[in-house]
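Each chain is listed here by its residues.
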Amino acid sequence: MSERSWPPLPPKNESEADKAARLAAEKEAKRIRYVCTGFLLRRAFLTCPRDPVSDEIDRALEQERQELRKHRPQTKILLLGQAESGKSTMIKNFQLYFCPSSFHAETEAWRAVIHLNLARFVNYLLHVLSNANTGPTRDYRMLQMRLSPLKQVELIVTRCLSAESCPIATPTEDKPVLRSESATEVSIRGGTGWKSFMRRRRGSQSKVLANVDDLEDARRILDACKEDIVALWKSPAIRVLEEEGADLHHHARYFVEHAARVADIKYTPTTDDILRARLRTVGVEEYRMTMETAAEKGAEWVFYDVGGQRSQRVSWASYFEDVNAMIFLCPMSGFNQRLSEDRSVNRLYDSMELWETVCRSKLLGKATFILLLNKADLLRSKLRAGVQFGDYIMNFDRERPNTVEEVSTYIRKEMTEVHRVYSPQKRQLHVHLTCAIDPSLMSAVLNSIRDVILVDILHRTTLL
């Protein structure tokens, strides 16, 4: 056989039809040879002994890749503020705008939290009404009986959310809430990764399978009770409670007002719903976000959300070093509220004292300071309802208008002066008026914060 045995030379006087048939046959023969060669090569690779030197090189390369991942530049941001100042909601806003795919991937977990918020607040309302001075009416007693299954909903969802860690707070039926207090919340320990409660390993895939039956039962109960929840909220008894001074300005009020939609069996949380959902964490929660926006795509930002309760503030200092920015949230609406840990302390005064302590810290000397005067929406609601800011904050001139603009200007001036006087060295302070549940407002605020932090990083790396 000659050296050129493949492909064979075309015969003389070949017709067009014969040529087409010959080319098709050659193409099929090449395909078969390619498949067979690939099979033989794979079998040889799998059966031949591995080269120890090659294995060692592979291990060294993998270790080097791991070290590079570990030491790649990170942007570290510390969130400070008293409990219920809005730190967790700010984290959700950052995730929504800079890591949207991971934000929407957690929708299923947040639905369970929203249902817990709804059931827990309705149970709180029922408890307060049952102890009202006027006494329950016949219509109320019927609603109370039909809504009693919501206690089971609260227990089911609490158990599912705390599957990997014990809840700090017990359900409302085990820990009754006094009429003068707000509805308490379920708390879980930070760092437990509670969002993974719905994930269970099955083979090599992770799927949303855990506690499915129990959660489906809870959703069916809520769906069956949704009309009664709506009727309860519209009842004259709720208006009487508000007139008598019961604190119903709770974050879950939003879910009760939208109970017909939220309790429906086909309910899927919207962005607004997720921003309003709340599950208090105790301790430090670390969030690692891989940025998806063009300006810093692929960069890793690490957020430290440290517990704001008084008992946890002693551990803050260990997180002060080596952070690029410190974001402090001051809930302006707390001017007429008291700390849950110490009922003698005004929440706004406590926030201002906490701000002074943070400003004095030498460990944060190089960090960018960002002050967010948060919960402007709740502040506006209270002031419009006739609550006088000057009745609670003595230094506020009562001749000034009782408006959000005047009150926020006063708070900004006070806290800016504290920063100027007590900072160990000169540094810029960036102040924003915020409502963390307003996506349109937060879009501009977050972009401004992002730009400030990026400019600071460039200065630190001497690129500017």
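Since we're looking at a predicted model, the values are computed, not measured.

A.B. asks: What should I look at first to understand the packing of helix α5 (residues 107–130) against helix α9 (residues 236–243) in this one?
C.D. replies: Packed helices, taken two at a time, are described by the angle between their axes plus the distance between the axes. Viewed as axis vectors pointing N to C, α5 and α9 meet at an angle of 75°, and their least axial separation amounts to 11 Å. The angle between α5 and α9 places the two elements in the roughly perpendicular class. Here α5 contributes Leu125, Val128 and Leu129 to the contact with α9, which in turn contributes Ala237, Ile238 and Leu241. Of the residues contributing to the contact of α5 with α9, the split by class is six nonpolar, no polar and no charged.

A.B. asks: What is the right way to read the pairing of strand β8 (residues 325–331) from this model?
C.D. replies: Regular strands place their side chains on alternate faces of the sheet. A large share of β8 lies buried, amounting to seven of its seven residues. Both faces of β8 are covered, namely the face carrying Ala325, Ile327, Leu329 and Pro331 and the face carrying Met326, Phe328 and Cys330. As paired elements, strand β1 (residues 74–80) and β8 share four bridges and run parallel to each other. Paired with leucine 80 across the bridge in β8 is phenylalanine 328. Alignment of β8 against strand β9 (residues 368–374), held across seven bridges, turns out to be parallel. Along β9, the bridge assignment pairs proline 331 with asparagine 374.

A.B. asks: Help me out: how do you make sense of the environment of glycine 81 in this one?
C.D. replies: Among the structural elements, glycine 81 can be located in the loop between β1 and α3 (87–98). Given the relative accessible area of 0%, glycine 81 is considered buried. Once the C-alpha coordinates of glycine 81 and phenylalanine 328 are considered, the two residues, 247 residues apart in sequence, prove to be 5.5 Å apart.

A.B. asks: Explain the environment of lysine 76 here, please?
C.D. replies: Secondary-structure assignment places lysine 76 in strand β1. Among residues more than four places away in sequence, those in contact with lysine 76 are Val302, Tyr304, Asp322, Val323, Asn324 and Ala325.

A.B. asks: I keep staring at the UniProt feature "binding site: Mg(2+)" (unreviewed entry) in the chain and nothing clicks. Help me out?
C.D. replies: Using the residue numbers shown here, the UniProt feature "binding site: Mg(2+)" (unreviewed entry) corresponds to Ser88 and Thr281. In summary, the annotated positions, though distributed over 194 residues, converge in three dimensions, the widest C-alpha pair being only 8.9 Å. Looking at serine 88, the relative accessible area reads 24%, which means it is partly exposed.

Parameters and conventions
- Residues numbered from 1 in each chain as written.
- Predicted model: local features only at pLDDT ≥ 70, side-chain atom pairs only at ≥ 80, totals over all residues.
- Heavy atoms only, no water.
- Axes fitted to C-alpha atoms, helices over the stretch in contact; angles between N-to-C directions.
- Helix = DSSP H or I, 4+ residues; strand = E, 2+ residues; numbered from the N terminus.
- Parallel < 35°, antiparallel > 145°, perpendicular 65-115°, else oblique.
- Contact = heavy atoms within 4.5 Å.
- Nonpolar A, V, L, I, M, F, W, Y, C, P; charged D, E, K, R; others polar.
- Buried < 20%, exposed > 50% of the residue type's maximum accessible area, 1.4 Å probe, protein only.
- Pairing = 2+ DSSP bridges.
- UniProt positions renumbered as here; feature names shortened; annotations may be inferred.

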